[in-house]
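Residues per chain are reported as follows:
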Amino acid sequence: MSYRYDYEVITQWIAPGEKVLDLGCGDGSLLKHLAEVRQVQGYGVENDPDKLLACTRNGVNVIQMDMEKGLAGIEDGFFDHVIMSLSLQAMHNTQGILAEMLRVAREAVVSFPNFGYWRHRQSILNGRMPVSESLPHQWFNTPNVRFFTISDFDALCEMNGIAVRERLAFDEGKLILDEPNFLASVAVYRLGRGG
């Protein structure tokens, strides 16, 4: 597995033995990591046939599902945590999937590239769409359909009554404490139901 600092943050937020659902799990490497270091009972959700096969090869339980249609068939509160790592920006139904995540789990963990990052802003000022480590695709072949900032996500959570329990922001793996909306390329959130 190649190193991903967001995996380390997520691992710290997951208690040993928890039931975890990973949405857009790719090849299952995060779940495999969590099973090894936290002994989680993990399930992945993926729709890409090649990635489903990769999960199976990695020994990860995986369900084929179109997340745009919600998480039908998964009972309320069944999981301790639902994770969506660097995939939220590829969802059309952002509000719907966040609501579904908090329906089926006690907490949700999401990470996403921050479109407000200063280097991304500089690219736009230079007349080009940003391409970076956190936004690695060109505008014409990106899977991303939502381009939002840390401030946008904070506002969305407030508007939808989602409790932000913890937020960490990073640039090149370094924790950013000051002005994360401007200086951080990626954010990782721990979310809960509001109220």
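Residues numbered from 1 in each chain as written. Predicted model: local features only at pLDDT ≥ 70, side-chain atom pairs only at ≥ 80, totals over all residues. Heavy atoms only, no water.

K.L.:
Describe a nonpolar patch on the surface, with residues and values.
P.N.:
A surface patch of nonpolar side chains, amounting to about 570 Å² of accessible area, comprises Ile124, Met129, Trp139, Phe140 and Phe147. Residue position: tryptophan 139 is located in the loop between helix H5 (118-125) and helix H6 (150-159). For tryptophan 139, a relative accessible area of 60% gives the class exposed. (Patch = residues over 30% accessible without salt bridge, like charges linked within 9 Å, V, L, I, M, F, W, Y side chains within 5 Å. Areas by Shrake-Rupley, 256 points an atom, 1.4 Å probe, with all protein chains shown as cover. Salt bridge = Lys/Arg side-chain N within 4 Å of Asp/Glu carboxyl O. Helix = DSSP H or I, 4+ residues; strand = E, 2+ residues; numbered from the N terminus. Buried < 20%, exposed > 50% of the residue type's maximum accessible area, 1.4 Å probe, protein only.)

K.L.:
Tell me about the sheet that holds strand E3 (residues 62-64), and please be specific about residues and values.
P.N.:
Ordered in space as E3-E2-E1-E4-E5-E8-E6-E7, the eight strands form an open sheet in which the pairing is mixed. Both outer strands of the open sheet, E3 and strand E7 (174-175), are each paired with one neighbouring strand and no more. With three bridges connecting them, strand E2 (residues 41-46) and E3 associate as parallel partners. Its bridge partner being in E3, glycine 44 is matched across the sheet by valine 62. Where helix H1 (residues 5-13) meets the sheet, it contacts strand E4 (79-85), strand E5 (105-113), strand E6 (162-171) and strand E8 (186-193), and its direction lies at approximately 25 degrees from that of E8. Running over the sheet, helix H2 (residues 29-38) touches strand E1 (19-23), E2 and E4 and is turned about 165 degrees from E1. (Pairing = 2+ DSSP bridges. Contact = heavy atoms within 4.5 Å. Axes fitted to C-alpha atoms, helices over the stretch in contact; angles between N-to-C directions.)

K.L.:
Hey, could you go over empty space enclosed by the protein for me, with residue numbers and the actual values?
P.N.:
Scanning the entire structure with this criterion turns up two cavities of 30 Å³ or more. One number sums up the size of the largest cavity: a volume of about 70 Å³. Taken together, Phe115, Met129, Pro130, Val131, Leu135, His137, Gln138, Trp139, Thr142, Asn144 and Phe147 form the lining of the largest cavity. Considered class by class, the residues forming the lining of the largest cavity number seven nonpolar, four polar and no charged. Approximately 40 Å³ is the volume found for the second largest cavity. Lining the second largest cavity are Gln89, Pro113, Phe115, Leu135, Arg146, Phe147 and Phe148. Residues that form the lining of the second largest cavity fall into these classes: five nonpolar, one polar and one charged. (1 Å grid on protein atoms, 1.4 Å probe; cavity = no way out; pocket = protein on both sides within 12 Å on 5 of 7 lines; lining within 4 Å. Points joined across faces, edges and corners; volume = space filled by probe spheres on them. Nonpolar A, V, L, I, M, F, W, Y, C, P; charged D, E, K, R; others polar.)

K.L.:
Can you break down the pattern of salt bridges residue by residue, with the values?
P.N.:
Side-chain pairing between opposite charges can occur once the charged atoms of the two side chains come close. Counted according to the given criterion, the structure contains seven salt bridges. For the salt bridge of glutamate 18 with arginine 106, the shortest nitrogen-to-oxygen distance reads 2.9 Å. Of this pair, glutamate 18 sits in the loop between H1 and E1 while arginine 106 sits in strand E5, placing them 88 residues apart in sequence. For glutamate 18, a relative accessible area of 8% translates into the label buried. The closest approach of N and O atoms between glutamate 107 and arginine 190, which form a salt bridge, is 2.6 Å. Of this pair, glutamate 107 sits in strand E5 while arginine 190 is found in strand E8, placing the two residues 83 residues apart along the sequence.

K.L.:
Can you explain the packing of aromatic side chains? Please cite residues and give values.
P.N.:
Overall, the coordinates contain eleven aromatic pairs when judged by the stated rule. Here the aromatic rings of tyrosine 43 and phenylalanine 79 are separated by 6.2 Å at their centres, their planes lie at 70 degrees, and the arrangement is edge-to-face. Here tyrosine 43 is found in strand E2, whereas its partner phenylalanine 79 is found in strand E4, with 36 residues between them in sequence. Of the aromatic side chains, those joined through ring pairs into one cluster are Phe112, Phe148, Phe153 and Tyr189. One Lys or Arg, lysine 19, reaches over the ring of phenylalanine 78 and ends 4.2 Å from the middle of that ring. (Phe/Tyr/Trp six-rings, centres within 6.5 Å; stacked < 30°, edge-to-face > 60°. Lys NZ or Arg CZ within 6 Å of the ring centre and 35° of its normal.)

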